[in-house]
Amino acid sequence: MLISRPVVSSKWRALLEQLAEQTAGNPPDDLPAIIREELGIDLTARYAGLTIAHPFGKASGQLSFTRQQVEADLAAGIGFVVLKTVVAEGPSGSRSMSDWSNPETRMRVETRTEGNGRRGWTVTWSGRGWAGSLDEYTEFFSETLRLPNPRNVPIVPSVKYNLPDETDEVVESEYHHTTTRLYQVWDHDGPGGPMVLEKDFSPTLAGDDRSASRDRILRWVESVPAWVREAAPHEVRLGVKLMNAMFDDAFQVEMVRVASQAGAAFLVGFNRLFDPGAHVAFGGWELSDRNCRVLDLVRAAGIDTPPLSATGNISSGRVMLEYALRGCENGQVHTFFQIPQSEYLATGGSRISRALHTLLLHPSQGLVVGLRHRHEAGHLEARDGLVRFLDVVGTHPVGHT
Ligand SMILES: Cc1cc2nc3c(=O)[nH]c(=O)nc-3n(C[C@H](O)[C@H](O)[C@H](O)COP(=O)(O)O)c2cc1C
């Protein structure tokens, strides 16, 4: 675990505090460029092999299911956006995973205190995937790709595809139809290059009877990249968002091992925990603790993973750093974008720009001060005068938790 109060020179701290204060009233969308210029920290990160301005992206969910939300994300200077998950459809509109498409219900943002007293946040919600049709989703995807996006911020669809049990055949027509429809939109309205796509294995799936069999889960994780590849009309860069299965850490590591050999372009680790008693998914510190612990075990096991994207309780730059040390090149945030605005440092600007300002510039929990601390402590060398986020990725000593 990183220390809670990073130590940096008083001269540099004064510059940080000055910048945090100057930008608090209306955080600018080019904050990373200002940070590089004034504080000597290069926040450049990567998502799906693409260069992004900083590591914080919007995770798929209720905050990325309208054009207005994505527009506000782009205006705030988000790193990337993963759109709400759509349930795959066949050409006739049939959906084998229709249980995962249900109408929007109210979300409750709540605090959650875990065993040793740390207070975190979670969102309680009983909804699932995109409630509308694939037609409506492709229209939405098209609208978001046509928004002004001068920095080429990646905008990425997410799909819940058919997952057969051991004896059933995969419903190839749903893979083919859904991927082709999304690709057509990408080809028409996107910026070119391969389409990035995420496949979601959700916590409600983890808690469903279908996921009671370890072999079945491993078959899904092993097969989905090939099923998507075979269905896609052109190159698709697939990210597999793994669930926290309802089994022990050793199984979670096994899932990562299988996923790493299955040909996904990147892995997202790991979606929320599932509470079978209350029948809800949850986040907070138990989630990030588990995810970091498993990532440590993955490294200790010497598994050669594709690039990793973090998700789970990224409630500060410090938590982002914990994930980065364990190999993650970026972080996908949902809950921190929903907490009461009084928790953010900034006093003006949009909700997303306030949250990003806090994640980057908080004097003790921000990413920038965390990186500078590592530099001053001798753990992170500057290159060409800049301390670089990407240089910390995967540098946590293996075997240390
Ligand atoms: C209300 C809500 C809806 C979500 N919907 C989706 C979804 O449709 N697809 C998906 O891949 N993840 C979904 N997630 C998971 C988030 O994308 C994210 O990975 C997870 O919440 C962990 O991040 P957090 O701790 O910052 O919330 C949802 C999460 C919440 C809280």
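Now for a quick tour of the structure. These numbers come from a predicted model, not from an experiment.

Digging into the overall build of the chain
When its secondary structure is counted, the chain shows 12 helices and 16 strands. Since a compact globule built from 401 residues should have a radius of gyration of about 21 Å, the 20 Å found for the chain is in line with a globular shape. Projected onto the principal axes, the alpha-carbon positions of the chain cover approximately 65 × 45 × 40 Å. Relative to all contacts within the chain whose residues are 6 or more apart in sequence, the contacts with residues 24 or more apart total 70%.

Things to note about the layout of surface pockets
In this structure, the largest pocket occupies an estimated 730 Å³ of space. Lining the largest pocket are 44 residues, with Ser60, Trp125, Pro203, Asn271 and Arg272 sitting closest to its centre. Class assignment of the residues belonging to the lining of the largest pocket gives a composition of 16 nonpolar, 22 polar and 6 charged.

A closer look at the pattern of salt bridges
Counted according to the given criterion, the structure contains 29 salt bridges. The salt bridge involving Arg13 is made with Glu17; its shortest N-O contact spans 3.9 Å. Taken together, the positions of Arg13 and Glu17, both in helix α1 (residues 10–23) and 4 residues apart, correspond to about one turn of that helix. Given the relative accessible area of 39%, Glu17 is considered partly exposed. Close ionic contact of Glu71 with Arg67 constitutes a salt bridge, the shortest N to O distance being 3.0 Å. Of this pair, Glu71 and Arg67 both sit in helix α3 (residues 67–76), 4 residues apart, roughly one helical turn. Each of Arg36, Asp42, Asp384 and Arg388 takes part in a single network of salt bridges with overlapping partners.

Quick notes on the site of the ligand
The environment of the ligand is made up of 19 residues, and the closest members are Ser60, Lys84, Thr85, Asn313 and Thr335. One of the side-chain N or O atoms of Asp200 is found 3.2 Å from an oxygen atom in the ligand. Here His334 contributes a backbone N or O atom positioned 2.9 Å from an oxygen atom of the ligand. Look at the ligand: alone it shows 600 Å² of surface, and the protein chains cover 96% of it. Cavity membership is defined here by more than half of the atoms lying within 2 Å of grid points; on that basis the ligand lies in the largest pocket. The residue makeup of the shell around the ligand, split by class, is 5 nonpolar, 10 polar and 4 charged.

Re the pairing of strand β11 (residues 266–269)
Across the two faces of β11 the burial is the same, with Phe266 and Val268 and Leu267 and Gly269 all buried. Where strand β10 (residues 236–241) and β11 come together, 3 bridges link them in parallel fashion. Residue pairing in the sheet places Lys241 in a bridge with Val268 of β11. Following the chain from β10 across helix α8 (residues 249–260) to the adjacent parallel β11, one finds a crossover that is right-handed. Where β11 meets strand β14 (residues 308–311), 3 bridges bridge the pair, whose relative direction is parallel. Residue pairing for β14: Val268 is matched across the bridge by Ser309.

The rules behind these values
Residues numbered from 1 in each chain as written. Predicted model: local features only at pLDDT ≥ 70, side-chain atom pairs only at ≥ 80, totals over all residues. Heavy atoms only, no water. Helix = DSSP H or I, 4+ residues; strand = E, 2+ residues; numbered from the N terminus. Rg over C-alpha atoms; globule rule 2.2 N^0.38 Å. Contact = heavy atoms within 4.5 Å. 1 Å grid on protein atoms, 1.4 Å probe; cavity = no way out; pocket = protein on both sides within 12 Å on 5 of 7 lines; lining within 4 Å. Points joined across faces, edges and corners; volume = space filled by probe spheres on them. Nonpolar A, V, L, I, M, F, W, Y, C, P; charged D, E, K, R; others polar. Salt bridge = Lys/Arg side-chain N within 4 Å of Asp/Glu carboxyl O. Buried < 20%, exposed > 50% of the residue type's maximum accessible area, 1.4 Å probe, protein only. Near = heavy atom within 4 Å. Polar contact = N/O pair within 3.5 Å; in protein donor to acceptor, adjacent residues only side chain to side chain. Areas by Shrake-Rupley, 256 points an atom, 1.4 Å probe, with all protein chains shown as cover. Sits in = over half its atoms within 2 Å of the grid points. Pairing = 2+ DSSP bridges. Right-handed = clockwise from strand over helix to strand, strands pointing away.

The values reported here are purely geometric and, on their own, carry no functional implication.
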